[in-house]
Amino acid sequence: MATQNERSGRSTASKWLIGCGIGCGVAIILAIILGVSGFFFVRNIVQGFKETETLMDTITERYGRVEEFCPDPEGIIKRDRLEAFLFVRRAMAPAGAELEDSMNILSYDRREEEFREGPAPSTLTKIKTGFRLVSQIAEFYRSRNQALLDTEMGLGEYYFIYVVSYFSWLGKSPADGPPFQLVSDEGEGRSIIYRRRRQETQEDRMDFMVKRLHRQILPMLQNQYEKLTESDISGAQESWQKQLKAEIEALESDRFRLPWQDGLPKALKFSLEPFRTRLEASYKTLLNPLEIVIEQ
């Protein structure tokens, strides 16, 4: 008899496979294959996500939830924390590369064939890729979570550096990702699915993603301001305090605002500048929606 965890895993796996954008005929074939070998397939997926969730529970227990993170009150990101962030990025790279390959295959659209290089993937290739996608995403998160523990970094700190570095500073778009929807816009938007974009526009995706970022980053800056005001401050810090307060008020009045979208504070920009090349190289456009998803 299936355990509750296995039933939960099947439900999660189903969400990944629903409407996978490769045609109704392929969906029927997938259903047949699942009927024959689904038990082993689902069992492996459940085990992959169970390990990921166990690691995440440990991270949350040690470092708190994402929105509980408090950035350095002085407005900097210390060099060793940026090195830790880049360590995590390197640890995720092998799993990320496999995931990118799968997303490229599933992104293939015959209407764009004349603009693409190389042969079109076959239906069978897409089916095999669709099966691999779930376990690849589980491994992507597992490798990230293990690296976070190895380098003693919480998910909140990782998320803060990701958002500030890539979006606020390097100008990457929160709407970056594959041409199909990975993040559900139902409820709190925490479900992850895989389906072709239909009516969703780039503006829709941007609004959805920025609202998610806003919910996570605003509490962090509020934590930072509270910590800053707890101690005596110098004249220079007083200027920084006013700047931080103004940014918090701007975010509170506009839920579609990115943090520091008008320009980073000098101290924060100074912290990031020596890492520009490495940060730029570590950004993965197709994987961006999975980075923004918070599965705590």
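Now for a look at the structure at hand. Computed from a predicted model, the values in this text were never measured in an experiment.

## What about the environment of Lys 284?
Here Lys 284 lies in the loop between helix H9 (276–282) and helix H10 (288–292). Relative accessible area serves as the criterion here: at 32%, Lys 284 is assigned to the partly exposed category. It is 9.4 Å that separates the C-alpha atoms of Lys 284 and Ala 93, two residues lying 191 residues apart in sequence. With near-sequence residues (within four places) excluded, Lys 284 lies in contact with Arg 89 and Glu 100.

## Section: unusual backbone geometry
Of note, Glu 152 is a non-glycine position whose phi angle comes to about 60 degrees, a positive value. Relative to the elements of secondary structure, Glu 152 occurs in the loop between helix H4 (123–150) and helix H5 (155–169). Despite not being glycine, Trp 260 has its phi angle at roughly 55 degrees, a positive value. Position of Trp 260 relative to the elements: it lies in the loop between helix H7 (235–253) and helix H8 (266–272).

## Regarding the packing of aromatic side chains
One pass over the full model with this rule turns up 10 aromatic pairs. Here the aromatic rings of Tyr 162 and Tyr 283 are separated by 6.4 Å at their centres, their planes lie at 40 degrees, and the arrangement is tilted. Residue Tyr 162 is found in helix H5, and its partner Tyr 283 is found in the loop between H9 and H10; the two are separated by 121 residues along the sequence. Across the pair, Tyr 283 and Tyr 162 agree in class, each one buried. Through a chain of ring-to-ring contacts, three or more aromatic side chains come together here, namely Phe 85, Tyr 158, Tyr 162, Tyr 166, Phe 167 and Tyr 283.

Calculation notes
Sequence positions are assigned chain by chain, starting from 1 and proceeding in written order. Totals for whole chains, interfaces and linings use every residue, but because this is a predicted model, local features are given only for residues with pLDDT of at least 70 and side-chain atom pairs only at 80 or more, for both listing and counting. Side-chain metrics rest on all non-hydrogen atoms present in the structure, leaving aside hydrogens and water. Strands here are runs of E lasting at least two residues and helices are runs of H or I lasting at least four, both read from the DSSP assignment and numbered beginning at the N terminus. Relative accessibility thresholds used throughout: buried, under 20% of the residue-type maximum; exposed, over 50%; partly exposed, between the two (1.4 Å probe, protein chains only). In this description, contact between two residues means that some pair of their heavy atoms is separated by no more than 4.5 Å. Stacked, tilted and edge-to-face are the three classes assigned to paired rings of Phe, Tyr and Trp, where Trp is represented by its six-membered ring and a pair needs centres within 6.5 Å; plane angles under 30 degrees give stacked, over 60 edge-to-face, the rest tilted.

Function cannot be inferred from these measures alone, as they are strictly geometric.
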